[in-house]
2 protein chains.
Amino acid sequence: MATRIQQKNTAAILEAALDVFSTNGFRGSTVDQIARAAGLSKPNLLYYFPSKEAIHTALLDGLLEAWLDPLRALDEAGEPLSEIVGYVRRKLEMSRDFPRESRLFANEIIQGAPRIAPYLSGELKTLVDEKSRVIRRWVADGKIAPVDPYHLFFSIWALTQHYADFNVQVHAVLGSEDIDPYPDAEAHLELMFTRLLRP
Amino acid sequence: MATRIQQKNTAAILEAALDVFSTNGFRGSTVDQIARAAGLSKPNLLYYFPSKEAIHTALLDGLLEAWLDPLRALDEAGEPLSEIVGYVRRKLEMSRDFPRESRLFANEIIQGAPRIAPYLSGELKTLVDEKSRVIRRWVADGKIAPVDPYHLFFSIWALTQHYADFNVQVHAVLGSEDIDPYPDAEAHLELMFTRLLRP
DNA sequence: GTCGGTTTTGACCTGTTGGTCAAAACAGGA
DNA sequence: TCCTGTTTTGACCAACAGGTCAAAACCGAC
């Protein structure tokens, strides 16, 4: 249905918008900014998306879907500790490979989640509830040390997303733009959760 | 020097601005919004602060000072594990008692720290470098388990600030606006760092 | 090449925003 | 009470932002 030009331009717009929205927030971004970054004129951009809001929504919709995948992959049948550490690793990889998406999400939540509150208390909560039961079962079976499953998940999110959302601070404190904090971060997080959960 | 009226109004403005900036970011906030929240007219507000930028700067300056205090209190002469757990506890209390300040800071960092980059690689880095040496000494003396000091601090910041910055998500996932997540959070974090650092 | 649909653009409109200014209202001490 | 400095305000401005529109440019099938 969509022509080649349409595909190319909508992709360019979403790419540019991700850049702009993730560093300036929704209200802090302008349509002109996005248009320039996408190499289009403002009216031309508005030919592809009816409004600034629509671009933002399109980005969020795409993001929220992908956001849950790593947690979905947490397998009750697997070896508990390595399942959880694997989840941590996947989340950290997402932080490294998609930092703009992480910041887009963070911006949204910090500002009170005006547009994604239903998602949080809907899909997200449902999935977390479900996986929390898995964690509890593992604890009950003595396969991992006792832990509050909800705060376990909060910890994982906080720790992994920190490296994307606060990367400016991480680099400033480490003292060099050039070193890659992720290898050390991965080792550190693996250590943390292993020590926490080892029965 | 300042009259009673001046004191009252500048205080009201800063209080209102903290509310507005922390939930909307700098560009997302308007002077009118702040003025209304402070119970003043816009020109009246601009009689006390020369510009929107000036209000924001005043807030950040006040914040950055207080931000370092809990870390400064980390005492090399104390008992290592309880010093670190104490630091975690202080940071978590700040998250609970000053969530708007935390979000103001988070907004700033996420958006690339345009106005506080010097602080990050200056005062903050200096202090972290210093305290990292303390951590390393504790590790070398076998008083705590081996750990990367920088990533230890990142972990503490990420975990504690998460409860302020992402509190909407925390409450959505926990399922009720009314329960206070902090008691459980504190227990969880104490457990985490104890298990991580116990020699 | 021509023709229909697609894509692009310049000009424009409306509401908002940060900020100014001169004048009015309001202290409160002499 | 009056007088001087402080505080407050309504009216205003220029820049900017989101969005519209009609016309122009462009494309690919015939």
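Residues numbered from 1 in each chain as written. Chains lettered and ligands numbered in written order. Predicted model: local features only at pLDDT ≥ 70, side-chain atom pairs only at ≥ 80, totals over all residues. Heavy atoms only, no water.

Let's talk about the overall build of chain A
- Regarding its fold elements, chain A presents ten helices and zero strands.
- Each helix and strand of chain A, ordered N terminal to C terminal, gives the series α-α-α-α-α-α-α-α-α-α.
- Taking the principal axes of its C-alpha atoms as reference, chain A extends roughly 60 × 40 × 30 Å.
- Here chain A, with 199 residues, has 52% of them falling under the buried criterion.
- Counting only contacts in chain A whose residues sit at least 6 apart along the sequence, the fraction spanning at least 24 positions is 68%.
- Put simply, chain A shows about 8,600 Å² of open surface, and 53% of that area lies on carbon and sulfur atoms. (Helix = DSSP H or I, 4+ residues; strand = E, 2+ residues; numbered from the N terminus. Buried < 20%, exposed > 50% of the residue type's maximum accessible area, 1.4 Å probe, protein only. Contact = heavy atoms within 4.5 Å. Areas by Shrake-Rupley, 256 points an atom, 1.4 Å probe, with all protein chains shown as cover.)

Some points on the interface of chain B and chain A
- Listed by partner, the interface residues are 55 residues for chain B and 55 residues for chain A.
- At the boundary of chain B and chain A, one finds zero salt bridges.
- For the pair chain B and chain A, the interface holds twelve residue pairs in polar contact (both at pLDDT 80 or more).
- Of the residues belonging to the side of chain B that touches chain A, the class tally is 30 nonpolar, 17 polar and eight charged. (Salt bridge = Lys/Arg side-chain N within 4 Å of Asp/Glu carboxyl O. Polar contact = N/O pair within 3.5 Å; in protein donor to acceptor, adjacent residues only side chain to side chain. Nonpolar A, V, L, I, M, F, W, Y, C, P; charged D, E, K, R; others polar.)

Re the side chain of Glu-108 of chain A
- With respect to the helices and strands, the residue Glu-108 of chain A is situated in helix α6 (residues 99–110).
- The contacts of Glu-108 of chain A, once residues within four sequence positions are left out, are His-56, Leu-60, Ala-113, Pro-114, Arg-115 and Ile-116 of chain A.

What to know about helix α4 (residues 52–72) of chain A
- The terminal C-alpha atoms of α4 of chain A, which comprises 21 residues, lie 31 Å apart, in line with the 30 Å expected from a rise of 1.5 Å per residue.
- Regarding α4 of chain A, the residues found buried are Lys-52, Ile-55, His-56, Leu-59, Leu-60, Leu-63, Leu-64, Trp-67, Leu-68, Pro-70 and Leu-71 of chain A. (Expected span 1.5 Å × (residues − 1).)

Notes on the packing of aromatic side chains
- Counted under the stated rule, the structure contains 14 aromatic pairs over all chains.
- Centre to centre, the rings of Trp-67 of chain A and Phe-105 of chain A are 5.2 Å apart; their planes meet at 40°, and the pair counts as tilted. Linking Trp-67 of chain A in helix α4 with Phe-105 of chain A in helix α6, this pair joins segments that are 38 residues apart in sequence.
- Of the residues examined, Trp-67 of chain A reaches a relative accessible area of 8% and is grouped as buried.
- With centroids separated by 6.2 Å and ring planes inclined at 90°, the aromatic side chains of Phe-154 of chain A and Tyr-163 of chain B adopt a geometry described as edge-to-face. Here Tyr-163 of chain B lies in helix α8 (residues 149–165) and Phe-154 of chain A lies in helix α8 (residues 149–165), a pairing that spans two chains. (Phe/Tyr/Trp six-rings, centres within 6.5 Å; stacked < 30°, edge-to-face > 60°.)

Describing the protein's contact with DNA strand C
- Neighbouring residues of DNA strand C: 18 residues in total, closest Thr-3, Gln-6 and Tyr-48 of chain A together with Lys-42 and Lys-52 of chain B.
- At the protein interface, 57% of the atoms of DNA strand C within 4 Å belong to sugar or phosphate.
- For DNA strand C, a sugar or linking oxygen lies 3.1 Å from a polar atom in the side chain of Asn-44 of chain A.
- Lys-52 of chain B is positioned with one of its backbone polar atoms (N or O) 2.9 Å from a phosphate oxygen of DNA strand C.
- Its residues placed into classes, the surface near DNA strand C shows seven nonpolar, eight polar and three charged. (Near = heavy atom within 4 Å.)

A short note on the protein's contact with DNA strand D
- As a matter of local geometry, DNA strand D sits amid 18 residues, with Val-31 and Lys-42 of chain A together with Thr-3, Gln-6 and Tyr-48 of chain B nearest to it.
- Of what DNA strand D places within 4 Å of the protein, 55% of the atoms are sugar or phosphate.
- In this structure, a phosphate oxygen belonging to DNA strand D sits 2.9 Å away from a side-chain N or O atom of Lys-52 of chain A.
- Contributing elements (two or more residues each) for the surface near DNA strand D: α3 (42–48) of chain A together with α1 (4–28) and α3 (42–48) of chain B.
- Grouping the amino acids of the surface near DNA strand D by side-chain chemistry returns seven nonpolar, eight polar and three charged.

Re the pattern of salt bridges
- As enumerated under the stated definition, the model contains 22 salt bridges over all chains in all.
- Between Asp-19 of chain B and Arg-100 of chain B there is a salt bridge whose closest N-O contact spans 2.5 Å. Here Arg-100 of chain B lies in helix α6 (residues 99–110) and Asp-19 of chain B lies in helix α1, a separation of 81 residues in the sequence.
- Across the pair Glu-190 of chain B and Arg-89 of chain B runs a salt bridge, and its minimum N-O distance is 3.3 Å. Of the two residues, Glu-190 of chain B is situated in helix α10 (residues 182–197) and Arg-89 of chain B in helix α5 (residues 80–97); the sequence distance between them amounts to 101 residues.
- Note on Arg-89 of chain B: relative accessible area 29%, which makes it partly exposed.
- Here the salt bridges share partners, and the residues they tie into one network are Glu-15, Asp-19 and Arg-100 of chain A.

Here we look at the side chain of Gln-161 of chain A
- In this fold, Gln-161 of chain A is placed in helix α8.
- With residues near it in sequence (within four places) discarded, Gln-161 of chain A still touches Trp-67, Lys-91, Ser-95, Ser-102, Phe-105 and Phe-166 of chain A together with Phe-166 of chain B.

Quick notes on the domain arrangement of chain A
Residues and elements named next belong to chain A.
- Looking at chain A, the domain boundaries give domain 1 (4–51) and domain 2 (68–197).
- Placing the centre of domain 1 and that of domain 2 at their C-alpha centroids yields a distance of 30 Å.
- The interface of domain 1 with domain 2 comprises seven residues on the first partner and six residues on the second.
- Where domain 1 abuts domain 2, roughly 660 Å² becomes buried across the two surfaces, and 54% of that area is made up of carbon and sulfur atoms. (Domains from an automatic or database assignment. Buried area = accessible area lost by both parts, 1.4 Å probe.)

Regarding the relation of the copies chain B and chain A
- Superposing chain B onto chain A takes a rotation of 180° plus a shift of 0.0 Å along the axis, which leaves an RMSD of 0.1 Å. When the rotation and shift are considered jointly, the pair of chain copies conforms to a two-fold rotation axis.
- Looking at chain B, 100% of its interface residues are interface residues in chain A too, so the copies touch through the same face. (Least-squares fit on C-alpha atoms with pLDDT ≥ 70 in both.)

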